Amino acid sequence: MSMQAINMTINGEKIQALVEPRTHLGDFLRDNQRLTGTHLGCEHGVCGACTVLIEGVPSRACIAYAVACDGQQVRTIEGFEEDEVMAQLRTAFSRFHALQCGFCTPGMLISARDVVLRCPTADAHEVRVQMSGNLCRCTGYQGIINAIVSVIESRRAANADRVEPVATAARAPLPSFQAVANQASAAASVAPATASPTAAAATPSDTANKKPGTRIEDAFEVDHPIDVVWEAFADMPKVAACLPGAEITEHTPTSIKGKISTKFGPMRAAFVGSAALERNAATHAGSIRGAGTDSLSNSRARGDITYALSDAGNGRTRVAVAIEYSLQGPLAQFSRGGLVKEFVKKMVADFAANLNARLGAGSSASGAPGEAVAAPAGAAPMSPMDAAGVFWRWMVSTIKSWF
Amino acid sequence: MKAAAFEYQKPTELSAVVSALRASNGEAKLFGGGQSLGPMLNLRLARPKKILDVSTLPALKVIEDLGTAWRIGGGVTHAMLEDRVLVGCEPLAQVARGIAYRAIRNRGTVGGSLAHADPAADWPLTMPALGATIVIAGVSGERRVAAESFMTAAFGTALAEDEIIAAVEVPKISADARWGYWKFCRKTGEFPEASAAVLLDPQRKVARVWIGALNGAPQSLNALAVDIAQRGFLAISDLSVSQALEPVLGKIDAAQRRLHQTAVRRAVQLATA
Ligand SMILES: Cc1cc2nc3c(=O)[nH]c(=O)nc-3n(C[C@H](O)[C@H](O)[C@H](O)COP(=O)(O)OP(=O)(O)OC[C@H]3O[C@@H](n4cnc5c(N)ncnc54)[C@H](O)[C@@H]3O)c2cc1C
Ligand code: FES
Ligand code: FES
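What counts as what
- Residues numbered from 1 in each chain as written.
- Chains lettered and ligands numbered in written order.
- Predicted model: local features only at pLDDT ≥ 70, side-chain atom pairs only at ≥ 80, totals over all residues.
- Heavy atoms only, no water.
- Helix = DSSP H or I, 4+ residues; strand = E, 2+ residues; numbered from the N terminus.
- Rg over C-alpha atoms; globule rule 2.2 N^0.38 Å.
- Buried < 20%, exposed > 50% of the residue type's maximum accessible area, 1.4 Å probe, protein only.
- Contact = heavy atoms within 4.5 Å.
- Areas by Shrake-Rupley, 256 points an atom, 1.4 Å probe, with all protein chains shown as cover.
- Lys, Arg positive; Asp, Glu negative; His and termini not counted.
- Charge placed at Lys NZ, Arg CZ, Asp CG, Glu CD.
- Domains from an automatic or database assignment.
- Buried area = accessible area lost by both parts, 1.4 Å probe.
- Salt bridge = Lys/Arg side-chain N within 4 Å of Asp/Glu carboxyl O.
- Near = heavy atom within 4 Å.
- Polar contact = N/O pair within 3.5 Å; in protein donor to acceptor, adjacent residues only side chain to side chain.
- Nonpolar A, V, L, I, M, F, W, Y, C, P; charged D, E, K, R; others polar.
- Core = buried A, V, L, I, M, F, W, Y, C linked by side-chain atoms within 4.5 Å.
- Phe/Tyr/Trp six-rings, centres within 6.5 Å; stacked < 30°, edge-to-face > 60°.
- Lys NZ or Arg CZ within 6 Å of the ring centre and 35° of its normal.
- Pairing = 2+ DSSP bridges.
- Axes fitted to C-alpha atoms, helices over the stretch in contact; angles between N-to-C directions.
- Parallel < 35°, antiparallel > 145°, perpendicular 65-115°, else oblique.
- Left-handed = near helix turned anticlockwise from the far one by under 90°.

**What about the overall build of chain B?**
Link 1 in the chain: For chain B, the helix and strand inventory stands at 11 helices and 14 strands.
Link 2 in the chain: Taking 2.2 N^0.38 as the reference for a compact globule, 273 residues should give roughly 19 Å; the C-alpha atoms of chain B span a radius of gyration of 19 Å, in line with that estimate.
Link 3 in the chain: Overall size of chain B, expressed as C-alpha extent along the three principal axes, is 55 × 45 × 30 Å.
Link 4 in the chain: Each of the 273 residues in chain B was classed as buried or not, and the buried ones make up 62%.
Link 5 in the chain: Long-range pairs, those at least 24 residues apart, make up 62% of the contacts in chain B with a sequence separation of at least 6.
Link 6 in the chain: When the accessible surface of chain B is summed, it comes to about 9900 Å², and 52% of that surface belongs to carbon and sulfur atoms.
Link 7 in the chain: Of the side chains in chain B, 31 bear a positive and 25 a negative charge, and the two mean positions are spaced by 4 Å.

This is how it looks when you write it as structure tokens:
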């Protein structure tokens, strides 16, 4: 692993060290500099236990990287021996029982010192708001707030530097006016094309969560008779060939194994999994129940998809889908339910548009197929069968594996 | 909770950043404040080969008065905007102080927030509501995109992999313009469950109502905005708000719907009071 040389001033002392770029400042301080007063709780910016001063201002040491602090000043809880405000806070913290186990205390003190200096007129409510980024599992916060407020008040009394809140003048009433609708920003140039064809009949809805997991229901129509669509949906490998990132490694009429690689903003995942297939020709309904794991993020997903085809008249077929999925592991922590839902919805809409276009017969809902269904290089021109399958392969992978 | 290995580079010129981005073929990530990227690196949800640190790049730190607008560098932190009230762009300071916590605001940047494009984040909602323009730099120069069309989806933007947000230009509002902003957060500083921004500027004939914390990009409620301009808070009723929200929200559960409705109502209330 390539190491990089850095210089830093920690608590007034110049140091030099070799670090791996991925080492965060919290680990560097604790493991390399033996400054174990900086605590690590969540390591993703939420709890505040690791709060230190970088270049004089409170910062999370867990999401700052030591290499990026090259040439900068860092001050940890060990570096406040001589600090007047910190001395007042230490006394107040013990007097008001502002700590129990002490795990949160270094971060609390560093944030509190910033509040005392930056918000000299703060009242208890304001202190609470300002301290909301530091979590404590023991005290219930009251002692902490009391301690900080007491320091603010005693400093105010001592310095008599009280700043009266500025009285806000009453505003003139808002006049009624005729707004110009749809004002685009004057300076804007061409907006980039967004690949989001809206599917003609896609009406996403989600109903009550009966089981754990998120449920999405969707439906759209295809310009082909039910039997053709039904057959097309059975052809897994061809479906897979139409989806970027999807691969089927094994398949039988009742099961599939495969992988889907996907990108969601800055996140990448490659889920490997398998699913059981069921089809009922009599009712034109089927299900796919699967599970998969992304070994990179160590996230697990499970998904059940049920679909039902019905005759929509005039040689058209209505496809109704219900997807229920759950996601566990780090990826779940990051992707709030709604985001995944939106992603799935967009894919369904893209597919519906594309399916119609590829089946060729009628006029498609949207000319431009979305990027989500662009065929990978080397794929043969799709027959109607393939296209219908796109839908399926996509659902299988995304739902089963991804989430 | 430790990031996977990555290479680290800290270019000192904007031009060097964009050429490094181009050369990396999508394998490099910009590091603005690291306040969204850091957690994802630690959780190993993001595993870029290379990090290009722009956190101290001087060109991105500039706040400049352009006369009718403020140009805010992509690397300007939330805290910088919180501490400096820009005349004509007062809403920025107001929004900034409600983002996360001070320790996050000290490092998190406007450009990073817009590029990250979390649907519930504050700048992706505020910038289109203020009619801002995103200035994007790439190897072949600058291009400009209206904030309202910049964010295309959850975590999706108009940005190409080899581009950087150089700045945001925020037009100044008139002295008597009104701004209303409301977020429902489970806990102070957390991402909201519902959010709304309202700008009423009679002098410039501008009325905008935007809502955020949706499943995708923030959305504008244009007809409602025009109605509010004419009738003020009288334009707001349970019916008018739910009608305006209907096409945007689709079918969501009643409690969530209520939160969005109330966020709009309160933002309008703040703007019209
Ligand atoms: C605990 C916590 C709570 C938070 N709460 C909120 C909240 O309530 N509201 C809110 O809005 N945000 C919130 N945030 C997010 C915070 O505002 C981040 O600062 C912001 O989203 C990302 O900015 P950054 O500069 O840190 O970007 P980074 O994390 O460095 O980067 C984010 C993404 O943007 C890219 N990027 C960075 N800079 C640029 C640029 N100039 N041009 C192009 N791409 C760029 C990166 O490559 C990366 O993909 C919270 C964060 C944390 C950790
Ligand atoms: S350990 Fe850094 S914020 Fe929790
Ligand atoms: S004292 Fe134990 S976590 Fe705060």
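**Describing the overall build of chain A**
Link 1 in the chain: Each helix and strand counted, chain A has 10 helices and 12 strands in total.
Link 2 in the chain: Across the 403 residues in chain A, those meeting the buried criterion constitute 49%.
Link 3 in the chain: Partitioning the intrachain contacts of chain A with sequence separation of at least 6 by distance along the chain shows that 59% fall at a separation of at least 24.
Link 4 in the chain: Accessible surface, chain A: about 18300 Å² in total, of which carbon and sulfur atoms supply 53%.

**Examining the domain arrangement of chain B**
Residues and elements named next belong to chain B.
Link 1 in the chain: Entries for chain B in the domain assignment read domain 1 (7-53), domain 2 (58-171) and domain 3 (178-272).
Link 2 in the chain: On a C-alpha basis, the centroid separation for the pair domain 2 and domain 3 is 21 Å.
Link 3 in the chain: Domain 2 puts 25 residues into the contact, and the matching count from domain 3 is 24 residues.
Link 4 in the chain: For the pairing of domain 2 and domain 3, the buried interface totals around 1800 Å² over both sides, and the portion due to carbon and sulfur atoms is 62%.
Link 5 in the chain: The largest per-residue losses of area from domain 2 upon contact with domain 3 belong to Tyr101, Leu125 and Ala129, which jointly make up 31% of the total buried on that side.
Link 6 in the chain: Between domain 2 and domain 3 we count 1 salt bridge in total.
Link 7 in the chain: For the side of domain 2 that touches domain 3, the secondary-structure elements that each account for two or more residues are helix H4 (90-96), helix H7 (123-129) and strand S8 (151-153).
Link 8 in the chain: By residue number, the principal contributor to the side of domain 2 that touches domain 3 is H7, which donates 5 residues.

**A short note on the environment of A:His125**
All names here are of chain A.
Link 1 in the chain: Here histidine 125 shows up in helix H4 (residues 124-130).
Link 2 in the chain: Given a relative accessible area of 57%, histidine 125 falls into the exposed group.
Link 3 in the chain: As a C-alpha pair, histidine 125 and glutamate 278 span 153 residues in sequence and 58 Å in three-dimensional space.

**Some remarks on the site of ligand 1**
Link 1 in the chain: Surrounding ligand 1, one finds 31 residues, the nearest of these being B:Leu30, B:Gly32, B:Leu37, B:Thr109 and B:Asp122.
Link 2 in the chain: Surrounding ligand 1 are residues belonging to chains A and B, so the site spans chains.
Link 3 in the chain: Contacts to ligand 1 include B:Lys29, whose side-chain N or O atom sits 3.4 Å from an oxygen atom.
Link 4 in the chain: For ligand 1, an oxygen atom lies 2.7 Å from a polar atom in the backbone of B:Leu30.
Link 5 in the chain: If ligand 1 stood free it would expose 970 Å²; the protein chains cover 96% of that surface.
Link 6 in the chain: If you tally residues by element for the shell around ligand 1, the top one is helix H6 (residues 110-116) of chain B, at 4 residues.
Link 7 in the chain: When grouped by side-chain class, the residues that make up the shell around ligand 1 number 14 nonpolar, 13 polar and 4 charged.

**Some words on the nonpolar core**
Link 1 in the chain: If you look at the biggest cluster of nonpolar residues, it comprises 39 residues, and the most contacted ones within it are B:Ile72, B:Leu81, B:Leu92, B:Leu114, B:Trp123, B:Met127 and B:Val170.
Link 2 in the chain: Here the element with the most residues in this core is H7(B); it accounts for 4 residues.
Link 3 in the chain: Looking at this core, you find at least three residues from each of domain 2 (58-171) and domain 3 (178-272) of chain B.
Link 4 in the chain: Not counting the four nearest positions on each side in its chain, B:Leu92 is found in contact with B:Ile72, B:Leu86, B:Trp123, B:Thr126, B:Met127, B:Leu130 and B:Val170.
Link 5 in the chain: Membership of the second largest hydrophobic core comes to 35 residues, among which are A:Leu29, A:Val52, A:Cys62 and A:Val67.

**Regarding the side chain of B:Thr109**
Residue and element names in this part refer to chain B.
Link 1 in the chain: You can see threonine 109 is positioned in the loop between helix H5 (102-105) and H6.
Link 2 in the chain: For threonine 109, a relative accessible area of 6% corresponds to the buried category.
Link 3 in the chain: At 2.9 Å, the side chain of threonine 109 and the backbone nitrogen of glycine 112 are in polar contact.
Link 4 in the chain: When sequence neighbours within four positions are dropped, the list of residues in contact with threonine 109 reads Gly32, Gly33, Gly74, Gly75, Val76, Thr77 and His78.

**Some points on the packing of aromatic side chains**
Link 1 in the chain: The tally for this structure, following the rule as stated, stands at 5 aromatic pairs over all chains.
Link 2 in the chain: Grouped by ring-pair contacts, the aromatic residues A:Tyr65, B:Phe6 and B:Phe31 constitute a single cluster.
Link 3 in the chain: Stacked on the ring of A:Trp230, the Lys or Arg A:Arg279 has its end atom at 3.8 Å from the ring centre.

**Brief notes about the sheet that holds strand S12 (residues 194-201) of chain B**
Residues and elements named next belong to chain B.
Link 1 in the chain: With antiparallel pairing, the 4 strands of this open sheet are ordered in space as S11-S12-S13-S14. With partners counted over all chains shown, the strands left at the sheet margins are strand S11 (178-184) and strand S14 (219-220), one partner each.
Link 2 in the chain: Here S12 runs beside strand S13 (residues 206-212); their pairing, made up of 7 bridges, is antiparallel. Residue pairing in the sheet places valine 198 in a bridge with valine 209 of S13.

**Concerning the pattern of salt bridges**
Residues and elements named next belong to chain B.
Link 1 in the chain: All told, the structure shown has 28 salt bridges over all chains when counted by the stated rule.
Link 2 in the chain: The shortest N-O distance in the salt bridge between lysine 183 and aspartate 122 comes to 3.1 Å. Taken together, the residues lysine 183 in strand S11 and aspartate 122 in the loop between H6 and H7 connect sequence positions 61 residues apart.
Link 3 in the chain: Residue classification places aspartate 122 among the buried positions, given a relative accessible area of 6%.
Link 4 in the chain: Residue arginine 204 pairs with aspartate 201 through a salt bridge whose shortest N-O separation is 2.6 Å.
Link 5 in the chain: Overlapping salt bridges bring together Arg71, Glu142, Arg144 and Glu169 as one network.

**Some remarks on the packing of helix H2 (residues 84-95) of chain A against helix H5 (residues 142-159) of chain A**
Relative placement of two packed helices is described by the angle separating their axes and the distance separating the axes.
Residues and elements named next belong to chain A.
Link 1 in the chain: With their axes 9 Å apart at the nearest point, H2 and H5 run at an angle of 135 degrees to one another. Regarding the angle of H2 to H5, the classification is oblique. Crossing geometry of H2 relative to H5 is assigned as right-handed. The segment H2 lies against H5, with Glu84, Val85, Gln88, Leu89, Ala92 and Phe93 engaging Ile144, Ala147, Ile148, Ser150, Val151 and Arg155.
Link 2 in the chain: Within the contact of H2 with H5, the residues separate by chemical class into 8 nonpolar, 2 polar and 2 charged.

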